[in-house]
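Structural characterization, general
What follows is the residue order along each chain.
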Amino acid sequence: MTVRMITKKEFPEVKELKKKFDIFSAIDVKNSENIEAVEFFNKDGVFRGFGKNTKKAFKNAKQTLKSYYKK
């Protein structure tokens with residue numbers, strides 16, 4: 001399992017999400033089965049998205065975050 005921080009160079013959208021949703025950390029986790037997870041941490045919890053690559057996992061995590069605050 002590898003864990004690394006997601007930077008704004010990789011995904012420019014991270015900067016906007018950090019401001020809008022008060023995210024203090026965004027990480028990418030890759031396990032041995034080629035499934036990746038992106039996790040956003042803020043004061044309300046951890047928001048995760050899963051996918052076969054980082055781009056799809058990022059999109060799913062962003063959707064999870066938006067749907068939580070939509071309620």
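Quick note: structure is the one above.
Values in this document were obtained by computation on a predicted structure and should not be read as measured data.

Here is what the cut-offs are and how they apply
Residues numbered from 1 in each chain as written. Predicted model: local features only at pLDDT ≥ 70, side-chain atom pairs only at ≥ 80, totals over all residues. Heavy atoms only, no water. Helix = DSSP H or I, 4+ residues; strand = E, 2+ residues; numbered from the N terminus. Buried < 20%, exposed > 50% of the residue type's maximum accessible area, 1.4 Å probe, protein only. Polar contact = N/O pair within 3.5 Å; in protein donor to acceptor, adjacent residues only side chain to side chain. Contact = heavy atoms within 4.5 Å. Arc of directions from axis to C-beta. Core = buried A, V, L, I, M, F, W, Y, C linked by side-chain atoms within 4.5 Å.

Attention now moves to the side chain of glutamate 39. Considering the arrangement of structural elements, one finds glutamate 39 in strand S3 (residues 36–42). Look at glutamate 39 and you get buried, because its relative accessible area is 12%. Within the local environment of glutamate 39, its side chain forms a polar contact with the side chain of arginine 48, the two groups lying 2.8 Å apart. Among residues more than four places away in sequence, those in contact with glutamate 39 are Ser25, Ala26, Ile27, Val29, Val46, Phe47 and Arg48.

Taken together, the buried positions of helix H1 (residues 13–21) are occupied by Val14, Leu17 and Phe21. All buried residues of H1 project into a common sector of 65° when viewed along the axis, lining one side. Turned more than 90 degrees from where H1 packs its buried face, Glu16, Lys19 and Lys20 sit exposed. Residues of H1 that are buried in the fold lie against S3 and helix H2 (54–70). Aspartate 22 occupies a position one or two residues after H1 and carries a positive phi of about 55°.

Another point: the nonpolar core. Core analysis: the largest hydrophobic core is formed by 14 residues, its most contacted members being Ile6, Leu17, Ile23, Val38, Phe40, Phe58 and Leu65. Counting residues per element, the ones that place at least two in this core are H1, S3 and H2. It is H2 that provides the largest number of residues to this core, a total of four residues. If we skip the residues at most four places from it in the chain, isoleucine 23 touches Leu17, Lys18, Phe40, Phe41, Asn42 and Leu65.

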